[in-house]
Amino acid sequence: MRRIDLKKANVARPNTIRDINRQIILNYVRERGPISRAEIAQETALQRSTVSLIVDELKSGGLIEEVSGESTGGRPPILLSLRTADAVAIGVDLGTIRTLVATSDLAGRVLEQEEFPTDPDAQKTISRIIDSARKLICKNRGTIEGVGVSLPGLVDQETGTAIFIPHFKWRDLEIAEEIRSAVGLAVTADNDANAAALAELWFGRPEIREVRDFIMVLIEEGVGTGIVFDGQVYRGKSGAAGEFGHMTIGQDAPVACAAGSHRCWEAFASERAALARYAKLRRGTSGSNKINFGQLVGLAFGGEREAQSALKETAYYLGLGIANLIQGLSPEAVIVGGPIVRAWPLIVNEIRTAVQNSICRGLPPAHIIASTLGAEPTLMGALSLVLTAKFTPVSLS
Ligand SMILES: [Zn+2]
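Computed from a prediction, not measured in an experiment: that's the story for all the values here.

Reading guide: rules and limits
Residues numbered from 1 in each chain as written. Predicted model: local features only at pLDDT ≥ 70, side-chain atom pairs only at ≥ 80, totals over all residues. Helix = DSSP H or I, 4+ residues; strand = E, 2+ residues; numbered from the N terminus. Pairing = 2+ DSSP bridges. Axes fitted to C-alpha atoms, helices over the stretch in contact; angles between N-to-C directions. Parallel < 35°, antiparallel > 145°, perpendicular 65-115°, else oblique. Left-handed = near helix turned anticlockwise from the far one by under 90°. Contact = placed C-beta atoms within 7 Å. Domains from an automatic or database assignment. Core = buried A, V, L, I, M, F, W, Y, C linked by C-beta atoms within 7 Å. Buried ≥ 20, exposed ≤ 12 C-beta atoms within 10 Å, placed from the backbone. Expected span 1.5 Å × (residues − 1). Nonpolar A, V, L, I, M, F, W, Y, C, P; charged D, E, K, R; others polar.

Here we look at unusual backbone geometry
Here is step 1 of the chain: For the bond running from Gly33 to Pro34, omega is -5°, close enough to zero to count as cis.
Here is step 2 of the chain: Topologically, Pro34 is positioned in the loop between α1 (14-32) and α2 (37-44).
Here is step 3 of the chain: One non-glycine residue, Asp252, lies in the positive phi region at around 55°.
Here is step 4 of the chain: By the secondary structure assignment, Asp252 is in the loop between β13 (232-234) and α8 (265-269).

Digging into the sheet that holds strand β14 (residues 333-337)
Here is step 1 of the chain: Strand order in this open sheet of five strands is β13-β12-β11-β14-β15, and the pairing throughout is mixed. Of all strands in the sheet, those with a lone pairing partner are β13 and β15 (367-370), marking the two edges. Taking the axes of each pair of neighbouring strands and ignoring which way they run, one obtains an average angle of 30° across the sheet.
Here is step 2 of the chain: As defined by bridge partners, strand β11 (residues 214-219) adjoins β14 across five bridges and the pair is classed as parallel. Its bridge partner being in β14, Phe214 is matched across the sheet by Ala333.

Some points on the sheet that holds strand β7 (residues 154-156)
Here is step 1 of the chain: What the three strands build is an open sheet, ordered β7-β8-β9; its pairing is antiparallel. Lying at the two open borders of the sheet, with one neighbouring strand each, are β7 and β9 (170-173). Each strand of the sheet is rotated relative to its neighbour by a mean of 15°, with strand direction disregarded.
Here is step 2 of the chain: Where strand β8 (residues 161-165) lies against β9, three bridges are found, and the strand directions are antiparallel. Residue Phe164 lies in a different strand from β9, and its bridge partner there is Arg171.

Here we look at the packing of α1 against α2
Here is step 1 of the chain: The interhelical angle for the contact between α1 and α2, taken along N-to-C directions, is 120°, at an axis separation of 11 Å. What the angle tells us is that α1 and α2 run oblique. Crossing geometry of α1 relative to α2 is assigned as right-handed. Between α1 and α2, the contacting residues are Ile24, Ile25 and Tyr28 on the first element and Ile40, Glu43 and Thr44 on the second.

A word on the domain arrangement of the protein
Here is step 1 of the chain: Along its sequence, the protein is carved into domain 1 (14-82), domain 2 (89-198 + 379-391) and domain 3 (211-372).
Here is step 2 of the chain: For domain 2 and domain 3, the distance between their C-alpha centroids amounts to 25 Å.
Here is step 3 of the chain: Tallying the contact residues gives 15 residues for domain 2 and 18 residues for domain 3.
Here is step 4 of the chain: Looking at the side of domain 2 that touches domain 3, the elements that each hand over two or more residues are β7 and α6 (192-203).

Details of the nonpolar core
Here is step 1 of the chain: Formed by 108 residues in total, the largest nonpolar core has its most connected members in Val149, Ile179, Val217, Leu296, Ile322 and Val334.
Here is step 2 of the chain: Ignoring sequence-local partners within four residues, the contact set of Ile322 consists of Val217, Val334, Ile351, Val355 and Ile368.

Quick word on helix α11 (residues 305-329)
In an α-helix, one turn spans 3.6 residues; hence positions three or four apart end up facing the same way.
Here is step 1 of the chain: A rise of 1.5 Å per residue sets the reference length of α11, with its 25 residues, at 36 Å; its end C-alpha atoms lie 36 Å apart and thus fit the reference within 8%.
Here is step 2 of the chain: Within two residues after α11, Ser330 carries a phi angle of roughly 45°, on the positive side.

Looking at the packing of α6 against helix α13 (residues 377-391)
Here is step 1 of the chain: Two elements in contact, α6 and α13, have axes whose closest approach is 7 Å; the angle formed by their N-to-C orientations is 70°. Between α6 and α13, the crossing angle belongs to the class labelled roughly perpendicular. Across the interface between the two elements, Asp192, Ala195, Ala196, Leu198, Ala199, Glu200, Trp202 and Phe203 from α6 touch Pro377, Thr378, Met380, Gly381, Ala382, Ser384, Leu385 and Thr388 from α13.
Here is step 2 of the chain: Residue composition of the contact of α6 with α13, grouped by class: 10 nonpolar, four polar and two charged.

Section: the pairing of strand β5 (residues 110-117)
Here is step 1 of the chain: Sheet topology note: the strand β4 (residues 98-104)/β5 ladder contains seven bridges and is antiparallel. Its bridge partner lying in β5, Arg98 is registered against Pro117.
Here is step 2 of the chain: If you look at the hairpin formed by β4 and β5, you'll find five residues sitting between the two strands, and Gly108 has a positive phi there, around 85°.

Description of α6
Here is step 1 of the chain: A rise of 1.5 Å per residue sets the reference length of α6, with its 12 residues, at 16 Å; its end C-alpha atoms lie 16 Å apart and thus fit the reference within 8%.
Here is step 2 of the chain: With respect to burial, α6 is a largely interior element, 12 of its 12 residues being buried.
Here is step 3 of the chain: When we look at burial in α6, the residues that qualify are Asp192, Ala193, Asn194, Ala195, Ala196, Ala197, Leu198, Ala199, Glu200, Leu201, Trp202 and Phe203.

A short note on the environment of Ala269
Here is step 1 of the chain: By the secondary structure assignment, Ala269 is in helix α8.
Here is step 2 of the chain: Under the C-beta neighbour-count criterion, Ala269 is labelled buried, with 29 such atoms within 10 Å.
Here is step 3 of the chain: Sequence separation of Ala269 and Asn292 is 23 residues, and the distance between their C-alpha atoms is 15 Å.

Quick notes on the pairing of strand β12 (residues 223-229)
Here is step 1 of the chain: A large share of β12 lies buried, amounting to six of its seven residues.
Here is step 2 of the chain: Relative to β12, β11 runs antiparallel, the two sharing six bridges. Among the inter-strand pairings, Leu218 is bridged to a residue of β12, identified as Gly224.
Here is step 3 of the chain: In this antiparallel pair of consecutive strands, β11 and β12, the connection spans three residues.
Here is step 4 of the chain: In terms of strand pairing, β12 meets β13 through three bridges, oriented antiparallel. Bridged to Phe229 within β13 is Gln232.
Here is step 5 of the chain: The turn linking β12 back onto β13 is made up of two residues, and Asp230 within it adopts a positive phi angle of 50°.

Printed below as a string of structure tokens:
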């Protein structure tokens, strides 16, 4: 049983109970809508009058709306669904190569998006983000409520400070505060793998949403992990939890990790590792071997042997690391996210076999699945930083 934290505990005042009931009803509408008041009352065992009262409150707060159901002869029933008429969130997915800025409605549907190359000069990138955000805020005339920022590095989520972004060597960047003071909205920043894990938890396929313990493994330039325990992202001190990309997996990796070591998981299983393997396999052959990761996946699907081998060897090391995570944390599922998901049919067997062969007998296995958020889990992650706050009771957050 979870030990009560007296510093954070809220005494169950009538308002707390009401607040929790409000969130339960809102989440019924979010996950099961369109749904009727009667069905909610039946499922939650709350009184009809309580449900109606809270529904009115959620309606006037602009969170849910009434829609007509299918008529079965008489008058069509009135059902409730999330209000998705407006853009409510801006997500900023700051990647090592490009930055995406997008708006979404309350259900997490992306409405508009733009992108630009990420400038190694942090201030230039932040200025571009502010310009894009201002434009979108202005265009949507007051409906945007907050901005979420996903970053490829160590982030103190409480203060919104990027502690260290290895690719650009950015340190102690108060990115949330800089954007907040420029656009005048609440801004939340988090590590990209943590944000993607949050998105998977709230906006993933229903079978993922029911899993309470899982690990998101994000494969990009580096390897990041987001850990979800008991339905919430585990952050540890200063949000630095989940740096499994730097666990030791072997020696003489094809590339160095962001911190310069050739022994870390990231040095064996990142996109950079796959590209270095490919370049080595192609050495001495004609033509340019300087390609990006998307092109590598394309060549592998086109049947090129070296491209397939480079991906499969990378998948093997991905599996080794995943086996270590499973043995240490025993999650129900491990979700792999990032552009590598496009190559899933080519690599899934390699990953699963490596995991099976590396887990010691008797230890429980876990499901290994590709992200259900498509190839942009980090954009969805950035949006989730704003959206999930709407669905979490104030007294429990
Ligand atoms: Zn390392």
